[in-house]
Amino acid sequence: MASQKRIIEALMQRHGRTFASELGVDLRKNTPSPLFRLLCYSLLTSAPISADLAMRGARAMAAAGWTTPRKLQASDWASRARVLNEAGYARVDEKTATQLADMNAELLDTYAGDLRKLREAAAGSPKALRKRLKAFKGIGGTGADIFLREIQTAWDECYPYADKAALSAADKLGLKADAAKLADKVSHEDYPKLMAALVRCKLAKDTQGVLEAAKA
């Protein structure tokens, strides 16, 4: 069995990229548009579709210009459904088009379209953040976990955050399935990448590939 250090190195080399970076948003800016795009991605991943399709959907929304709550508010249902359908949401495009509008309306009404206000309302509690995220229509536990896993790049109160998907992957790789212990293995900056790498490894069913690379 390779050392935990070698396993993490191999894992990061193969999968060490956050989903936000794949989406093309810089969460470190902590400005409304990147946060909003992450929220939309979190909703899209809550639908019964693959992670690849969710990413395609989020990118299609950006290409359509819906990168802020006000811009999404100006869209109509038919346009949202069409964009999602063309991105691959053939079975859930209509439902998701409605959920996006409902989520956006709640974001505008409760937080003036600025997720930093949601952060303030949670008063430094990741548990309260998760509860408020799940209050948005269309965002379930999986979507909330994705948001918190990615946002710890910018919101220090969420660090170190690890969801069940990441911890399950860590366990299969022979790593400690514990957020604090995993955080000790990498820098603060690299920790969100490690969490994303664990989830990507799980999605790609690449556990054996990572272990073999670590032994090489």
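Everything discussed here concerns the structure shown above.
Trainee: What is the right way to look at the packing of helix α1 (residues 4–15) against helix α13 (residues 191–204) in this model?
Mentor: The packing of two helices is summarised by the inter-axis angle and the distance between the axes. It is at 9 Å that the axes of α1 and α13 come closest, and there the two elements cross at 75°. It follows that α1 is roughly perpendicular to α13 by the angle criterion. Of the residues in α13, those touching α1 at I8, L11, M12 and H15 are K193, L194, A196, A197, L198, R200, C201 and A204. Of the residues in the contact of α1 with α13, the class split is nine nonpolar, one polar and two charged.

Trainee: Whenever I open this one, the packing of α1 against helix α14 (residues 207–215) confuses me. Can you help?
Mentor: One way to put it is that α1 packs onto α14 with a least axis distance of 8 Å and a crossing angle of 120°. By the angle between their axes, α1 is oblique relative to α14. Crossing of α1 against α14: the hand is right-handed. Packed against α1, whose contacting residues are R6, I7, A10, L11, R14 and H15, the element α14 presents G209, V210, L211, A213 and A214 at the interface.

Trainee: Could you clarify how one ought to interpret the side chain of E22 in this entry?
Mentor: Relative to the assigned elements, E22 resides in helix α2 (residues 19–23). Given a relative accessible area of 16%, E22 falls into the buried group. Non-local contacts of E22, meaning those with residues more than four positions away in its chain, are made with R17, M55, R59 and R200.

Trainee: Mind showing me how you'd approach helix α11 (residues 164–172) here?
Mentor: Because an α-helix packs 3.6 residues into every turn, residues spaced three or four apart end up facing the same way. Regarding α11, the residues found buried are A166, A169 and A170. Buried residues in α11, looked at end-on, bunch into an arc of 105°, giving them a common side. In α11, those exposed residues whose orientation departs by more than 90 degrees from the buried face are K164, D171 and K172. Residues of α11 that are buried sit in contact with α12 (179–183) and α13.

Analysis parameters
Per chain, the residues get numbers from 1 upward, laid out in the order the sequence is written. Where local features are concerned, this predicted model is filtered to residues with pLDDT of at least 70; where side-chain atom pairs are given and counted, the filter is 80 or more; whole-chain, interface and lining totals use all residues. Here the side-chain values reflect all heavy atoms present in the structure, with hydrogen atoms and water set aside. Here an axis means a line fitted to C-alpha atoms, over the contact stretch when the element is a helix, while the angle between two N-to-C directions is reported on a 0 to 180 degree scale. Helix numbering and strand numbering both begin at the N terminus, where a helix is a DSSP run of H or I of at least 4 residues and a strand a DSSP run of E of at least 2. In this scheme, roughly parallel covers angles under 35 degrees and roughly antiparallel covers those over 145, while 65 to 115 is roughly perpendicular and the rest are oblique. Whether two residues are in contact is decided by their heavy atoms, any of which lying within 4.5 Å being enough. Residues are grouped as follows: Ala, Val, Leu, Ile, Met, Phe, Trp, Tyr, Cys and Pro are nonpolar; Asp, Glu, Lys and Arg are charged; every other residue, Gly included, is polar. Definitions for this section: a left-handed crossing has its near helix turned counterclockwise from the far helix by less than a right angle. A right-handed crossing has that turn clockwise. Residue exposure (1.4 Å probe, protein chains only): buried if accessible area is under 20% of the type maximum, exposed if over 50%, otherwise partly exposed. The arc in question is the one spanned by the directions pointing from the helix axis to the C-beta atoms.

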